[in-house]
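Structural overview
What follows is the residue order along each chain.
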Amino acid sequence: MKTKLMLAAGLAALVLAPMVGAEPSYEEVQMIIHRDFKAKGQAKMDRLDQDVVQQVCTRAHDKPPADVAKAIEADQLAAIPVPSGSLMGDWKKGAKTAWSGKGMQWNEDPKKGAGGGCYNCHEISAQRTSFGTIGPSLKAFGKKRGHGADAQRYVYTKIYNAKAYNLCSNMPRFGTTGTLTEQQIKDLVAYLLDPNSPNNK
Ligand code: HEC
């Protein structure tokens, strides 16, 4: 028994040894990911390419200098094309988008559009009981933040590009990446803020 335990410990040490050494560089990690990822269907190799904004975070382990982060956030915010007029779409459609994780997988048709998969990270609506918790709860968001022009603008731009407020946010940039359309984002604004939305009941 003792020998078996020693052997197991020895093996574990051997397997783990290369990992304890110097941390691989950004370039080494990219090389490994590119080596191991296999393009299939609509999931092409470009899925692995980080834009410069993401690179700033990855290279700095999500802790870039505060003044650098602030400057890039302001830049990102200014670059968001915010439609004029009301940003409040149709909450019924927004609910569908929030609770759909479809559209981006290799075997799906990109022409059919994508969902937002918001439920993977957020609690939204008291009626739904299964959700992830990486992001804060958005339940009754409109009750807490109101549904006026400022609240609409904040939610629209946050969904469009979460990095405009928090450079190293884990939240996908749904507008910047073209994952969701302008109308889909407006519908999500309504799902979160509209007093008639089940999210605010
Ligand atoms: C991979 C996880 C993830 C997904 C998917 C995700 N979010 Fe987020 N979201 C976060 C995290 C983490 C935060 C908090 C940190 C931050 O502000 O960036 C956040 C913050 C927010 C906020 C700001 C909350 C506040 O209190 O100001 C809103 C609004 C929001 N998300 C909406 C959405 C919507 C709508 C979707 C779907 C289209 C979505 N999120 C999808 C992770 C996610």
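Check the entry above for the structure.
Definitions and limits used
Residues numbered from 1 in each chain as written. Predicted model: local features only at pLDDT ≥ 70, side-chain atom pairs only at ≥ 80, totals over all residues. Heavy atoms only, no water. Patch = residues over 30% accessible without salt bridge, like charges linked within 9 Å, V, L, I, M, F, W, Y side chains within 5 Å. Areas by Shrake-Rupley, 256 points an atom, 1.4 Å probe, with all protein chains shown as cover. Salt bridge = Lys/Arg side-chain N within 4 Å of Asp/Glu carboxyl O. Helix = DSSP H or I, 4+ residues; strand = E, 2+ residues; numbered from the N terminus. Buried < 20%, exposed > 50% of the residue type's maximum accessible area, 1.4 Å probe, protein only. Near = heavy atom within 4 Å. Polar contact = N/O pair within 3.5 Å; in protein donor to acceptor, adjacent residues only side chain to side chain. Nonpolar A, V, L, I, M, F, W, Y, C, P; charged D, E, K, R; others polar. Donors = N, O, S within 2.8 Å, 3.2 Å for Na, K, Ca; no water. Tetrahedral: all angles 85-135°; square planar, octahedral: opposite > 155°, others 65-115°.

Regarding a nonpolar patch on the surface
- A surface patch of nonpolar side chains, amounting to about 230 Å² of accessible area, comprises Leu-77, Tyr-154 and Tyr-165.
- Secondary-structure assignment places Tyr-165 in the loop between helix 7 (149-160) and helix 8 (182-193).
- By relative accessible area, Tyr-165 is classed as partly exposed at 32%.

A word on the site of the ligand
- With respect to spatial proximity, 21 residues lie near the ligand, and among them Cys-118, Cys-121, His-122, Tyr-154 and Met-171 are the closest.
- With respect to the ligand, the side chain of Arg-145 contributes an N or O atom lying 2.6 Å from an oxygen atom.
- For the shell around the ligand, the secondary structure elements donating two or more residues are helix 6 (141-145) and helix 7.
- Top contributing element to the shell around the ligand by residue count: helix 7, with 3 residues.
- Of the residues in the shell around the ligand, the class split is 12 nonpolar, 7 polar and 2 charged.

Observations concerning the pattern of salt bridges
- Scanning the entire structure with this criterion turns up 5 salt bridges.
- The partner of Glu-27 in a salt bridge is Arg-59, and the shortest N-O contact between them spans 3.1 Å. Here the residue Glu-27 occupies a position in helix 2 (residues 26-36), and Arg-59 occupies one in helix 3 (residues 52-59), the gap between them amounting to 32 residues.
- The class for Glu-27 is partly exposed, based on a relative accessible area of 46%.

Describing the coordination of the iron atom of the ligand
- Around the iron atom of the ligand, the protein contributes the donor atoms His-122 (NE2) and Met-171 (SD), at 2.0 to 2.2 Å from the metal centre.
- Every donor counted, the 6 donor atoms about the iron atom of the ligand form angles of 84 to 178 degrees at the centre, which fits octahedral coordination. A residue pair is termed long-range when its members are at least 10 positions apart, and His-122 in the loop between helix 5 (91-98) and helix 6 and Met-171 in the loop between helix 7 and helix 8 qualify at 49 residues.
- His-122 gets classed as buried once you look at its relative accessible area, which sits at 11%.

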